[in-house]
Amino acid sequence: MMEATQFKDSKGNLWTLSINIGHYLAMKSKLGIDITESFNSDDNWMTKLASHDNIEILLSMIDIILDSERETRGMTIDQMYEGFDGEVVAEATSALIEGIVLFLPAHKRKALRLIVDSVNVGMERAIILIEKEETELRKNMVPMIDEALLKLSKKP
């Protein structure tokens, strides 16, 4: 059974995103991200990460955390990423968030879980609404797209 900080890539490799002080310092110096300040309203990197809005942050953090594990396996970054697809990225995001939560002092864990859960609930509700209204959205959007394409095709 996998731990919450682990994910499996599409090639069957199991990766562990357990964060230590070395990872923390590298993320702070290389990425300018202080994972202990996840609640700073001026820095919404955690919200972007939790909502899958910024794959660059995710991959940069994964590169730092998995660097020694990847090297131990004799893999390049490119070889590691050959096993990543959309589903793996989603699983890696969850594992990374869990790793960040577990790295934080206990008094910050509950608040961060609440933030992440709120983002997840919002995304789930948006998906349900889109799926529920899909027919209506298609009925309204297709004519608008056709009209826009017609206008573009008439431009010199």
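Residues numbered from 1 in each chain as written. Predicted model: local features only at pLDDT ≥ 70, side-chain atom pairs only at ≥ 80, totals over all residues. Heavy atoms only, no water.

> For this particular structure, what's the right way to read the overall build of the protein?
Each helix and strand in the protein was counted, giving seven helices and two strands. Along the protein, helices and strands appear, N-terminal first, in the series β-β-α-α-α-α-α-α-α. Here the protein has a C-alpha radius of gyration of 20 Å; the compact-globule value for 156 residues is 15 Å, and the former is much larger. Judged by the C-alpha coordinates and their principal axes, the protein covers about 60 × 40 × 35 Å. Of all 156 residues assigned to the protein, the portion counted as buried reaches 33%. Put simply, 67% of the contacts in the protein that link residues at least 6 apart link residues at least 24 apart. On the protein, roughly 10,100 Å² of surface is accessible, and the fraction owed to carbon and sulfur atoms is 56%. In the protein, 18 side chains carry a positive charge and 26 a negative one; their mean positions are 4 Å apart. (Helix = DSSP H or I, 4+ residues; strand = E, 2+ residues; numbered from the N terminus. Rg over C-alpha atoms; globule rule 2.2 N^0.38 Å. Buried < 20%, exposed > 50% of the residue type's maximum accessible area, 1.4 Å probe, protein only. Contact = heavy atoms within 4.5 Å. Areas by Shrake-Rupley, 256 points an atom, 1.4 Å probe, with all protein chains shown as cover. Lys, Arg positive; Asp, Glu negative; His and termini not counted. Charge placed at Lys NZ, Arg CZ, Asp CG, Glu CD.)

> Explanation requested: the packing of aromatic side chains in the structure shown.
One pass over the structure, following the stated rule, counts three aromatic pairs. Ring centres of Y24 and F103 lie 5.7 Å apart, and the angle between their planes is 25°; this geometry places the pair in the stacked category. Pair noted here: Y24 is in helix α1 (residues 21-31) and F103 is in helix α5 (residues 86-103), with a separation of 79 residues, a long-range link. The class for F103 is buried, based on a relative accessible area of 19%. Summarising the aromatic geometry, the rings of Y81 and F84 are spaced 4.9 Å apart at their centres and angled 85° between planes, so their arrangement reads as edge-to-face. The exposure classification of Y81 matches that of F84, with both residues buried. In this structure an aromatic cluster arises from ring pairing among F7, Y81 and F84. (Phe/Tyr/Trp six-rings, centres within 6.5 Å; stacked < 30°, edge-to-face > 60°.)

> Sorry if this is basic, but what is going on with the pattern of salt bridges here?
Side chains that carry opposite charge are capable of pairing whenever their charged atoms lie near each other. Following the criterion strictly, the structure yields five salt bridges and no others. The partner of R70 in a salt bridge is D67, with the nearest N and O atoms 2.6 Å apart. Note that R70 and D67 are positioned in helix α3 (residues 55-72) at a spacing of three residues, about one turn of the helix. In this structure, the salt-bridge partner of R73 is E69, at a minimum N-O distance of 2.8 Å. Judged by relative accessible area, R73 falls into the partly exposed class, the value being 34%. (Salt bridge = Lys/Arg side-chain N within 4 Å of Asp/Glu carboxyl O.)

> Honestly, the environment of Y24 in this entry has me stumped. Any pointers?
When its relative accessible area of 13% is taken as the criterion, Y24 is described as buried. Distance in space between the C-alpha atoms of Y24 and I55 is 19 Å, their sequence separation being 31 residues. If we ignore the near neighbours within four places in the chain, the residues touching Y24 are I19, D34, I35, T36 and F103.

> I would appreciate a short explanation of α3 in the present structure.
Residues that lie three or four places apart on an α-helix share one face, since the helix turns once every 3.6 residues. When the terminal C-alpha atoms of α3 are compared, their 25 Å separation across 18 residues agrees well with the 26 Å that a helix rising 1.5 Å per residue should span. The sharpest bend along α3 comes to roughly 60°, located at L66. The secondary structure elements touched by the buried residues of α3 are β1 (6-8), β2 (14-16), α1, α2 (45-50), α4 (77-81) and α5. Positioned one or two residues after α3, G74 has a phi angle of 70°, which is positive. (Expected span 1.5 Å × (residues − 1). Bend = angle between axes of the 7 residues up to and from the residue.)

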